[in-house]
Amino acid sequence: MGGASSFISMLAIAAFLGLAWSASKVSKMVGISSIVLEITTGVVLGPRVLGLVDPAYTVCETKRTMDCKDPGNLQELIDSGAHLGPTFGKIANKGYCNKADYHGSSGSSSASHGSSADHGWLAPKVDGDVDSTASHGSGSADHGSAASTSEGSAADTQGAPHRRLAGGGNYHSYHECLIKSCEADVSAHCGEFPDFFTLIGHAGVGLMIFESGMHFDFEKAKIVGPWACVVAVLGTILPLVFGTAIVMAFGKPLMPDGISAGTALAPTSVGIALRLLGEAGVLQENFGQAIITAAFVDDILSLVLFNVLFSLGGDFDMFKTVFAPIIGIVFMILACLAAMMFWPWFLEDYLLSKMPDKKEGAKLAPRDQALFFFMFFLLFVYGTITHFLGTHLWGCFIAGMSFACLNPPHHAHHVWVKQTKRMTSWMIRIFFAGTVAFSIPVMELLSIEAFWKGSILGIVACVGTKVFCAPFMGKARFVIGWAMVGRAEFAYLIAQMALAAGMMDQATFSMVIWALLYATIFAPFVFRYLLNRYVAAEGIGGQAQDEHLTDVMADFGHEEGGEMKEFSASDDVDYKKNLQALESKTQSGFQPTEFGSRSPGGELRAANGQVAKQDASGKGGFLCCLFFKKVVVH
């Protein structure tokens, strides 16, 4: 019987994953972001609607075994000193709430409960309570019963008035404190021990952010860095400010709902801009470089903001709120210097050079195996360091940046993608169809109030602030602005984690999801239209880069007949000599761009500023080498 029931569960999960995969493919055929249909699929098939996937796999164990809703007679039990039940008896015995601090306030507790968000917020951390899940069974009732008649005296030993999770926040009543502390306790344990789909989804986001870091081009940042940084700062600060203000205008508190919502609206998706710029063949233009650099810097700033947000646990903590972000920024600066000066030398001249040559018939050379292992090693080390500074995602991005300067260009990225592409794509699909979709309160999301409020939040704070973040970039200002509008994994992750940590309620979460969906749906279409119009008007761009070049030409020179081509030291020397010879032939003919500087790819310009035509045999050859010469190698 057990085998039969587990088989049904396997069929249900297989059907869910198959439909999520189908949603991705349909999105690709229609030409829209797969995020929308993946989330829709998850919402419809999840436990809140059709229930194809059982809550055992979508809700963490602690939340399934601890019910923090008022049973209806909680206040009567408090007043009479009776047994509070397994859940609230356990919370009372933990000492989060001191009953003596609420003397004389019990009569108005019910009225004050609804406004609890204005008086304190749920911190996502529990100190010294690792074994609490062990008492979720019948033993917890005995545990709570033993203390239920004296929960006030048990809490008195804590000594902190109005005490709650992590020591912060004040409530109107003991009744309210018990309920909110219970919710915070559940959120904390679900953060440490999440459900199956949440764990996979968050792991996938970490791998995706690591891969994004590998795309960072330090030389490109030098070319357009100052203006791109201004765009990134405005593109991060404006959504934060306007998002927070709008959420507060809707009656939510500044902390934590307003700040959490604003932070979730801040990150930009570099993937959409990267793909469309590659298709248009203008990735090498100055405005294209400005977009990519600004998007990456925007991600870095959002990671810092994310780190600060989730450091605000309860009362003000000087280390977590002030010193941890400063230490993290210093660590990032040192890691960037190491990425440019230390890791290329250590890996290329010391570690990888000692690896044996590829054996005949082997799919992956020993040096690439060593490189892949070292990537995971650095990912774990950097992620662990920044985990104690606020969030492991910061370390994931920094670890990826550490491999951005290795030679041959993007070979490290190719090795990573070749081994993890399918796994990561499935984990990201599960993140949207499972982690995010299963977190959405369907009734709240589909309400008229959530829709119109989310529409205002989306149009003004999520879309509008990004569109107008580059007013000083000349004719390309709206192209750059719309390129910054796109949202992807990171934005949804912040929203979902804020909800799980009790830092925004379900109504605010629904508004944020609607806002993000506006950007997710409309950004690719509008950006493609403006980009094509700008390229045609300015007479720039060339032939669209093929699929291998779309991902920042990640597979350039790496595949022959479906097999990975290994680069030897002699290949690298010849590669650099050829590029030096190419440079000597293409130094003339530069034309100033509207930004007043030379544009990589300017060698292809004729005297009239039009792009020189190339025959089919030159596609991916001259242009490809030229791009790497001007943007990556130097």
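As the structure is a prediction and not an experimental result, all values here were calculated from the model. (Residues numbered from 1 in each chain as written. Predicted model: local features only at pLDDT ≥ 70, side-chain atom pairs only at ≥ 80, totals over all residues. Heavy atoms only, no water.)

Caption draft 1: Spatial organisation of the overall build of the chain. When helices and strands are tallied, the chain shows 27 helices and two strands. A burial count over the chain gives 53% of its 634 residues as buried. Sequence separation of 24 or more characterises 81% of the internal contacts of the chain that already satisfy a separation of 6 or more. When the accessible area of the chain is evaluated, it comes to approximately 27000 Å², of which 62% is carbon and sulfur surface. (Helix = DSSP H or I, 4+ residues; strand = E, 2+ residues; numbered from the N terminus. Buried < 20%, exposed > 50% of the residue type's maximum accessible area, 1.4 Å probe, protein only. Contact = heavy atoms within 4.5 Å. Areas by Shrake-Rupley, 256 points an atom, 1.4 Å probe, with all protein chains shown as cover.)

Caption draft 2: Representation of a positive patch on the surface within the structure. Taken together, the side chains of Lys25, Lys28, Lys421 and Arg422 define a basic patch exposed on the protein surface. Residue assignment for the positive patch shows that the elements contributing at least two residues are α1 (2-30) and α19 (411-439). Tracing the chain through its elements places lysine 421 in helix α19. The class of lysine 421 is exposed, set by a relative accessible area of 56%. (Patch = residues over 30% accessible without salt bridge, like charges linked within 9 Å, V, L, I, M, F, W, Y side chains within 5 Å. Salt bridge = Lys/Arg side-chain N within 4 Å of Asp/Glu carboxyl O. Lys, Arg positive; Asp, Glu negative; His and termini not counted. Charge placed at Lys NZ, Arg CZ, Asp CG, Glu CD.)

Caption draft 3: Main features of the pattern of salt bridges. In this structure the tally under the stated criterion is seven salt bridges. Among the ionic pairs, aspartate 185 bridges to lysine 94, the shortest N-O distance being 3.2 Å. Pair noted here: aspartate 185 is in helix α10 (residues 174-192) and lysine 94 is in the loop between α6 (85-93) and α7 (109-113), with a separation of 91 residues, a long-range link. Between glutamate 183 and lysine 180 there is a salt bridge, with the nearest N and O atoms lying 3.4 Å from each other. Of the two residues, glutamate 183 and lysine 180 are both situated in helix α10; the distance of three residues between them amounts to about one turn of the helix. Its relative accessible area of 18% is what places lysine 180 among the buried residues.

Caption draft 4: Seen up close, the packing of aromatic side chains. Following the criterion strictly, the structure yields 29 aromatic pairs and no others. Summarising the aromatic geometry, the rings of tryptophan 227 and phenylalanine 472 are spaced 5.0 Å apart at their centres and angled 35° between planes, so their arrangement reads as tilted. Within this pair, whereas tryptophan 227 is found in helix α12 (residues 218-249), its partner phenylalanine 472 is found in the loop between α21 (448-467) and α22 (477-483), the two being separated by 245 residues in sequence. Ring centres 4.9 Å apart and planes at 65° place the aromatic pair phenylalanine 342 and tryptophan 343 in the edge-to-face group. Taking relative accessible area as the criterion, tryptophan 343 reaches 12% and is therefore assigned buried. (Phe/Tyr/Trp six-rings, centres within 6.5 Å; stacked < 30°, edge-to-face > 60°.)

Caption draft 5: Region of the structure containing the side chain of aspartate 257. With respect to the secondary-structure elements, aspartate 257 resides in helix α13 (residues 254-264). In this structure, aspartate 257 is buried with no salt-bridge partner, the nearest side chain bearing the opposite charge being lysine 252 at 5.3 Å.

Caption draft 6: Spotlight on the nonpolar core. By size, the foremost hydrophobic cluster in this structure holds 122 residues, and its most contacted members are Ile39, Phe287, Phe403, Tyr492, Phe527 and Leu531. With 14 residues, helix α24 (residues 506-538) is the single largest residue contributor to this core. Discounting residues that sit within four places of it in the chain, phenylalanine 403 has contacts with Phe210, Met214, Leu347, Leu371, Phe374, Met375, Leu378 and Ala412. Counting residues in each nonpolar core, the second largest holds 21 residues, with Cys60, Leu74, Phe88 and Ile179 among its members. (Core = buried A, V, L, I, M, F, W, Y, C linked by side-chain atoms within 4.5 Å.)

Caption draft 7: Representation of the side chain of threonine 424. Inspection of the secondary structure puts threonine 424 in helix α19. On the basis of relative accessibility, which here comes to 2%, the residue threonine 424 falls in the buried class. In this view, threonine 424 contacts Gly204, Leu207 and Met208; residues no more than four positions away in its chain are not counted.

Caption draft 8: Structural detail: the packing of helix α16 (residues 318-351) against helix α17 (residues 366-387). Axis separation between α16 and α17 bottoms out at 14 Å; the angle between their running directions is 160°. Taken together, the axis directions place α16 and α17 in an arrangement best described as roughly antiparallel. Read as a crossing pair, α16 and α17 show a hand that is right-handed. Every residue of α17 that contacts α16 at Phe331, Ala335, Trp343, Phe346, Leu347 and Leu351 is listed here: Leu371, Phe374, Leu378, Tyr382, Ile385 and Thr386. Looking at side-chain class alone, the contact of α16 with α17 contains eleven nonpolar, one polar and no charged residues. (Axes fitted to C-alpha atoms, helices over the stretch in contact; angles between N-to-C directions. Parallel < 35°, antiparallel > 145°, perpendicular 65-115°, else oblique. Left-handed = near helix turned anticlockwise from the far one by under 90°. Nonpolar A, V, L, I, M, F, W, Y, C, P; charged D, E, K, R; others polar.)

Caption draft 9: Expanded view of α17. Compared with the 32 Å implied by 1.5 Å per residue over 22 residues, the 31 Å span of α17 between its first and last C-alpha is a close match. Buried within α17 we find Pro366, Asp368, Ala370, Leu371, Phe372, Phe374, Met375, Leu378, Leu379, Tyr382, Gly383 and Thr386. (Expected span 1.5 Å × (residues − 1).)

Caption draft 10: The arrangement of unusual backbone geometry in detail. Cis geometry marks the peptide bond from methionine 255 to proline 256, where omega comes out at 0°. Counting through the fold element by element, proline 256 comes out in helix α13. At the junction of asparagine 407 and proline 408, the peptide bond is cis and its omega measures out at -5° in the coordinates. Positionally, proline 408 belongs in the loop between α18 (392-401) and α19. Phi is positive for histidine 410, which is not a glycine, with a value near 65°. Residue placement: histidine 410 occurs in the loop between α18 and α19. Judged by its relative accessible area of 11%, histidine 410 is buried.

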